[in-house]
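What follows is the residue order along each chain.
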Amino acid sequence: MHTFFIALICISACKTSNAVDSSEKISETIENQKIQQYCPEDGSCSVKLHKNATLLLKKDTTDALYPVIEEGENIVVVFKFSRQGPEGTADGDYSETIHFEIEEISETLTIEGEKLAMVNMLFGKQCFCRGEAGFYRVSDGHLVLQKSKDEITMDLSINLTEVSHSITRVKEIIKL
């Protein structure tokens with residue numbers, strides 16, 4: 001019996017890996033650049049670049065889509081809009097994310113519509129809003145991107161018909 005409890009303690013002390021949070025292993029992350037242009041007034045916006053990364057789109061057991069950032073040869077851009085919920089509410093926070101991946105060697109990129117799938121563009125809505133929270137492929141919009149060794153100039157517009165959203169355009173210069 002004593003041996004059983006020791007084995008049980010050893011097993012419960014093991015840490016499981018988290019595949020969704022594998023971005024910690026990526027060699028360089030440029031994060032929390034404040035974005036204000038085109039950001040709704042009732043929240044804050046930021047962007048995070050994951051260099052030497054790749055963006056995988058996976059499905060869970062309910063067939064819902066979700067992003068995973070892993071080591072790779074590209075740059076993964078994660079734009080985030082967040083709004084703090086009313087004080088005293090447990091589930092009042094609201095956020096939207098836009099994930100996409102560009103090749104490290106890309107200097108210019110102009111794509112629109114269904115071709116946004118080429119960069120694995122994904123929109124996420126995180127809130128207590130039944131039927132709308134989750135991740136969605138973006139197939140209506142445009143992305144114009146210019147990359148130099150020091151910065152990325154981005155002009156992105158999206159339109160989603162399957163879910164309401166606050167972010168419709170992001171136009172920024174992001175320092176590398």
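Note that residues are indexed from 1 along each chain, following the sequence as it is written. For a predicted model such as this one, the threshold for reporting local features is a pLDDT of at least 70, and the threshold for listing and counting side-chain atom pairs is 80 or more; totals across whole chains, interfaces and linings nevertheless cover every residue. Hydrogens and water are ignored here; the side-chain numbers use all heavy atoms of the structure.

### With respect to the sheet that holds strand β8 (residues 141-147)
A sheet is described by the order of its strands in space; here 4 strands give the open sequence β5-β8-β9-β10, paired in antiparallel fashion. Pairing within the sheet leaves two strands with one partner each, and these edge strands are β5 (108-112) and β10 (169-175). Taken pair by pair, the neighbouring strands of this sheet meet at an average axis angle of 5 degrees, ignoring direction. Of the pairings in the sheet, the one linking β5 to β8 comprises 5 bridges and is antiparallel in character. Considered in β8, the bridge of glutamate 112 is made with histidine 142. One requirement defines pairing of two strands: DSSP has to find at least two bridges between them. Strands here mean DSSP runs of E at least two residues long; helices mean DSSP runs of H or I at least four residues long; both are numbered from the N terminus. In this analysis, axes come from line fits to C-alpha atoms, helices being fitted only over the stretch in contact, and the angle between any two N-to-C directions falls in the range 0 to 180 degrees.

### Some details on unusual backbone geometry
A positive phi angle is found at asparagine 52, which is not glycine, with a value near 55 degrees. With respect to the secondary-structure elements, asparagine 52 resides in strand β2 (residues 44-59). Exposure is judged per residue with a 1.4 Å probe applied to protein chains only, and the accessible area is read against the type maximum: over 50% gives exposed, under 20% gives buried, and values in between give partly exposed. A relative accessible area of 33% means that asparagine 52 is categorised as partly exposed. A positive phi angle, near 55 degrees, is found at asparagine 120, a position not held by glycine. The class for asparagine 120 is partly exposed, based on a relative accessible area of 22%.

### Considerations on the nonpolar core
Ranked by size, the top nonpolar core spans 31 residues in total, and within it Ile98, Phe100, Met121, Phe123, Leu143, Leu156 and Ile158 carry the most contacts. For this core, the secondary structure elements donating two or more residues are β2, β3 (65-83), β4 (94-103), β5, β8, β9 (151-158) and β10. Only buried Ala, Val, Leu, Ile, Met, Phe, Trp, Tyr and Cys residues count toward a nonpolar core, and they belong to the same one when joined by side-chain atoms within 4.5 Å. Listed in part, the 5 residues of the second largest apolar core include Leu55, Ile69, Val76 and Val78.

### Some words on the confidence of the model for the protein chain
Think of pLDDT as the predictor's per-residue confidence, scored from 0 to 100. Summary statistics for the protein chain give a mean pLDDT of 83 and a share of 80% for residues scoring 70 or more. By definition, residues are in contact when any of their heavy atoms lie within 4.5 Å. Across residues 1-23 the pLDDT falls below 50, and counting only partners more than four positions away or on other chains, this stretch makes 10 contacts in the model.

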